[in-house]
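Single-letter residue listing:
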Amino acid sequence: MEDPKTVVKHEPRKSLIVLIIMSIVSIVLGTIILLGPSSGPSGMGGGAGWVMIIGGVLAMGIYFYGRKSRRP
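An account of the accompanying structure is given in this report. Source: prediction; values computed, not measured.

1. Some details on the overall build of the chain
Part 1: The number of helices and strands found in the chain is two helices and zero strands.
Part 2: Buried positions account for 17% of the 72 residues belonging to the chain.
Part 3: At a minimum sequence separation of 6, the contacts of the chain that also span at least 24 residues come to 67%.

Given below as structure tokens:
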């Protein structure tokens, strides 16, 4: 079994890496949804794209806040 002190020290760093990767993916997919070819008004697709972009930007903000607060 791993030492709990070691796990606690390394886990937040892994979580931050996953958070930044998923925020980038969300922003890219949201942009693709918004700019994707459509034959008419985007409707729900456009709204979903904006929600993904906003969610990605918020996740990126949380990432930078988490990195800033980890430094002594």
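2. Details of the environment of glycine 47
Part 1: Residue position: glycine 47 is located in helix α2 (residues 44–70).
Part 2: Residue classification places glycine 47 among the partly exposed positions, given a relative accessible area of 34%.
Part 3: Distance from glycine 47 to leucine 34, taken between C-alpha atoms, is 8.3 Å for residues 13 residues apart in sequence.

3. Details of the side chain of serine 23
Part 1: With respect to the helices and strands, the residue serine 23 is situated in helix α1 (residues 4–35).
Part 2: Residue classification places serine 23 among the buried positions, given a relative accessible area of 1%.
Part 3: Engagement of the side chain of serine 23 in a polar contact is seen with the backbone oxygen of isoleucine 20, the distance being 2.8 Å.
Part 4: Non-local contacts of serine 23, meaning those with residues more than four positions away in its chain, are made with Gly56, Ala59 and Met60.

So, how was this worked out
Residues numbered from 1 in each chain as written. Predicted model: local features only at pLDDT ≥ 70, side-chain atom pairs only at ≥ 80, totals over all residues. Heavy atoms only, no water. Helix = DSSP H or I, 4+ residues; strand = E, 2+ residues; numbered from the N terminus. Buried < 20%, exposed > 50% of the residue type's maximum accessible area, 1.4 Å probe, protein only. Contact = heavy atoms within 4.5 Å. Polar contact = N/O pair within 3.5 Å; in protein donor to acceptor, adjacent residues only side chain to side chain.

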